[in-house]
Amino acid sequence: MSVFGKLFGGGGKGGKAPNPQEAIQKLRETEEMLTKKQEYLEQKIGAELVTAKKNGTKNKRAALQALKRKKRYEKQLAQIDGTLSTIEFQREALENANTNTEVLKNMGFAAKAMKTAHENMDIDKVDDLMQDITEQQELAQEISDAISRPVGFGEDFDEDELLAELEELEQEELDKNLLEIGGTEDVPLPNVPSNPLPKKTAQKKREEEDEDDMEELKAWAM
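Right, let's walk through the structure included here. (Residues numbered from 1 in each chain as written. Predicted model: local features only at pLDDT ≥ 70, side-chain atom pairs only at ≥ 80, totals over all residues. Heavy atoms only, no water.)

Within the protein one finds 6 helices and 0 strands. Across the 222 residues in the protein, those meeting the buried criterion constitute 10%. Taking contacts inside the protein between residues at least 6 apart in sequence as the whole, the part at least 24 apart equals 71%. Element-wise, carbon and sulfur atoms account for 56% of the exposed surface of the protein, whose accessible area totals about 20100 Å². (Helix = DSSP H or I, 4+ residues; strand = E, 2+ residues; numbered from the N terminus. Buried < 20%, exposed > 50% of the residue type's maximum accessible area, 1.4 Å probe, protein only. Contact = heavy atoms within 4.5 Å. Areas by Shrake-Rupley, 256 points an atom, 1.4 Å probe, with all protein chains shown as cover.)

Structure follows, in structure tokens:
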């Protein structure tokens, strides 16, 4: 049995392989346990150092024993540091492998789905279909052009003759307008009226004067 098999409690050849998620969880639990062990050893090292300093001049034997224990704790701490580095590396590698497995699984699932979608598709049939669509679009465009083209229904006229006739009509209309303008020179203008404009009547003038007097009286009363 391998070392990792012993660590994860693997059985013989017939033993079931651990799930990647379970293995990652166990590695994290081991890291947490070793981290707590580190904190404990660091506290013990600090305590032994205090004991050695305290008995350095009073009890040399006790001070030496404290330093020996400190050295043992430091050695254990160094071993735990190395073990944590190894476990951390293994956990990260396992996490990456698990991620790659999931990615490949999803890619395989997508590939199968795409294959299923293309099972009933034939590239030759697709080309024929696209060619038919193109031909139908061209035919529809030709039909639209034919429908929108003006039709004379048998009335085939020379466009130059029509333009010449239109120019003659325009010239006749222009000559007629010029003659009408020339004929207005002999038309007599209306005479200016000789009678003076009517003036205000005496009664109207008297009423206005009465109104002015009333306004002035109102002003004095106020």
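Structurally, the position occupied by Glu 31 is in helix α2 (residues 20-54). Residues contacting Glu 31, with those up to four places away along its chain left out, are Leu 84, Ile 87, Glu 88 and Arg 91.

With 9 residues, the main nonpolar core is built from Leu 27, Leu 34, Leu 41, Ile 45, Tyr 73, Leu 77, Ile 80, Leu 84 and Ile 87. Elements represented by at least two residues in this core include exactly α2 and α3 (60-117). Each residue touching Ile 80, except ones within four places of it in the same chain, is listed here: Leu 34, Lys 37, Gln 38 and Leu 41. (Core = buried A, V, L, I, M, F, W, Y, C linked by side-chain atoms within 4.5 Å.)

Once that is clear, we can look at the packing of α2 against α3. Where α2 contacts α3, the axes come no closer than 8 Å and their chain directions differ by 160 degrees. Considering their axes alone, α2 and α3 lie roughly antiparallel with respect to each other. By crossing handedness, the relation of α2 to α3 is classed as left-handed. Here the residues of the contact of α2 with α3 sort into 18 nonpolar, 9 polar and 13 charged. (Axes fitted to C-alpha atoms, helices over the stretch in contact; angles between N-to-C directions. Parallel < 35°, antiparallel > 145°, perpendicular 65-115°, else oblique. Left-handed = near helix turned anticlockwise from the far one by under 90°. Nonpolar A, V, L, I, M, F, W, Y, C, P; charged D, E, K, R; others polar.)

The next thing to look at is the environment of Val 50. Mapped onto the elements, Val 50 comes out in helix α2. Remark: the alpha-carbon pair of Val 50 and Leu 67, spanning 17 residues in sequence, is separated by 9.8 Å.

There is a patch of nonpolar side chains on the surface, built from Met 121, Ile 123, Val 126, Leu 129, Met 130 and Ile 133 and spanning about 560 Å² of accessible area. Relative to the assigned elements, Met 130 resides in helix α4 (residues 123-148). On the basis of relative accessibility, which here comes to 45%, the residue Met 130 falls in the partly exposed class. (Patch = residues over 30% accessible without salt bridge, like charges linked within 9 Å, V, L, I, M, F, W, Y side chains within 5 Å. Salt bridge = Lys/Arg side-chain N within 4 Å of Asp/Glu carboxyl O.)

Structurally, Glu 48 can be placed in helix α2. For Glu 48, the residues in contact, after removing those within four places along its chain, are Ala 66, Arg 69, Lys 70 and Tyr 73.

This brings us to α3. Between its first and last C-alpha, α3 extends 85 Å over 58 residues, near the 86 Å set by a 1.5 Å rise per residue. Within the sequence span of α3, burial applies to Ala 63, Ala 66, Lys 70, Tyr 73, Leu 77, Ile 80, Leu 84, Ile 87, Arg 91 and Asn 98. (Expected span 1.5 Å × (residues − 1).)

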